[in-house]
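# A closer look at the structure
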Amino acid sequence: MNENLTTDRETFVTHLECSITGERYEADQLHGLSRAGRPLLVRYDLDAVRSTISRDTIEARPTDLWRWRELLPVRQTSNIVSLGEIETPLVPIPKSGGPNVLVKDEGRLPTGSFKARGLVMAVAMAKELGVKKIAMPTNGNAGAALAAYATRCGIETIVLCPDDTPEINVREIAMQGARVWRVNGLIDDCGAIVGKGAAEGRWFDFSTLKEPYRIEGKKTMGLELAAQFGWKLPDAIFYPTGGGTGLIGMWKAFDELEQLGWIGSERPKMFAVQASGCAPIVRAFEAGEEHAERWEDASTVAAGIRVPKAVGDFLILRAVRESGGQAMAVGDPAILKAVETAAKQDGLLLCPEGGATLAAYTHALNTGLVDEDDRVVLFNCATGLKYPMPEAPQALDRTQAIDFDAL
């Protein structure tokens, strides 16, 4: 964590706001969804921020997540919980992607995924607001991040996951101190159980976008991109979209940066990438709808984007449309092929969800939605080391003659 943080940290949060009605809610109080049943957004006094700090101030700080502290909600430094949230690198993939394609490799974060960004902020705020017990549904990586951060600050945690969640995710959740249960259903079925328990007062519901602060952690992806690109955003962003918190968060970050005068009005085309076996946002986008109906019988190798229904669907769709981007679905064969291509051609091991963004970019390039000259960022949301890989069965018997020509 940035050692330059002071004990009593200045924060510029003014209030929370319903994302669909605009109704205001008091800051410094525990909130879930708004009265309209929609996500709450944190609002800041950006005029005060602008008069307090500058881009130069930001650039002079260590490049971790907490360098953006004036645009984050935690009031007391003592409530920050950290496992070392770095600024993730932009990795070129010139062979599998192209000369202007960069992968923002979120697998370098604690617990190996971009879920660390959202959960570090949400857990810190839960600590600040006195939460003692949390429950959350997960497809894997979010549960691991919640378990790690909640354990670190002493909050009791229960995690429910679909019964086909990758084994390594289930085990890391348990290893990091949460009580984890497999459920014979999908993530929204797990979420229904969490919601019922929360309604009975058993715990606080940490489901995606059902508390206000995961967006604030995820928006640091957009803040980092602005700084990494010299305060001029890329032309297009391909983002693996399940609950869509990161896409929503980046769009919010860009708006805040423009209000600060740190970037202009130009925006990247935002591509919400889903799997063809679970593509509710794509279907709603193509139909011109503002909300997405639940996707039945969801199935994909990319478990992280297997989200049949997202509570923030309208926020995802608005960002995609306002940016001139598109919601795109790619099939599992294309996802797995992209993972293999990036690994074998550029040496970068993508997770399946990251592979989906490369597959979507290739399709967008081939269909003229983007050009080879466009500066493009693909999000690899987790380390590929967490996922199954093809067997490598070749073996040598050192007691036999070695055929070196065959090696």
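Residues numbered from 1 in each chain as written. Predicted model: local features only at pLDDT ≥ 70, side-chain atom pairs only at ≥ 80, totals over all residues. Heavy atoms only, no water.

### Points about the pattern of salt bridges
The tally for this structure, following the rule as stated, stands at 28 salt bridges. As a salt-bridge pair, R50 and D47 come within 2.5 Å of each other at their nearest N and O atoms. One end of the pair, R50, and the other, D47, are both in helix α1 (residues 46-52), 3 residues apart, so they sit about a helical turn from each other. Here E70 and R61 are joined by a salt bridge, their closest N and O atoms 2.8 Å apart. With respect to burial, E70 and R61 carry one shared label: buried. What emerges from the salt-bridge pattern is a single network uniting K104, E106, R117 and E224. (Salt bridge = Lys/Arg side-chain N within 4 Å of Asp/Glu carboxyl O. Helix = DSSP H or I, 4+ residues; strand = E, 2+ residues; numbered from the N terminus. Buried < 20%, exposed > 50% of the residue type's maximum accessible area, 1.4 Å probe, protein only.)

### Some thoughts on helix α3 (residues 115-128)
When the terminal C-alpha atoms of α3 are compared, their 20 Å separation across 14 residues agrees well with the 20 Å that a helix rising 1.5 Å per residue should span. A positive backbone phi angle near 85° is found at G130, which sits one or two residues after α3. (Expected span 1.5 Å × (residues − 1).)

### Describing the sheet that holds strand β1 (residues 13-18)
In spatial order, the strands read β2-β1-β3; together these 3 strands make up an open sheet with antiparallel pairing. The sheet terminates laterally at β2 (24-25) and β3 (40-44), the two strands that pair on one side only. Pairing analysis gives 5 bridges linking β1 to β3, with the strands arranged antiparallel. Bridge pairing links E17 to L41 in β3. (Pairing = 2+ DSSP bridges.)

### Topic: the packing of aromatic side chains
The full count for this structure, using the stated rule, is 8 aromatic pairs. On the basis of an interplanar angle of 75° and a centroid distance of 6.0 Å, the ring pair of F204 and F206 is categorised as edge-to-face. With a relative accessible area of 15%, F204 lands in the buried category. Judged by its relative accessible area of 1%, F206 is buried. Summarising the aromatic geometry, the rings of F238 and F271 are spaced 4.2 Å apart at their centres and angled 5° between planes, so their arrangement reads as stacked. With F238 in strand β10 (residues 236-240) and F271 in strand β11 (residues 269-275), the pair connects residues that are 33 residues apart, well separated along the chain. Across the pair, F271 and F238 agree in class, each one buried. Three or more aromatic residues joined by ring pairs make a cluster, and in this case those are W68, W231 and W262. If you follow K218 out to its NZ or CZ, it ends over the ring of F114, 4.2 Å from the centre. (Phe/Tyr/Trp six-rings, centres within 6.5 Å; stacked < 30°, edge-to-face > 60°. Lys NZ or Arg CZ within 6 Å of the ring centre and 35° of its normal.)

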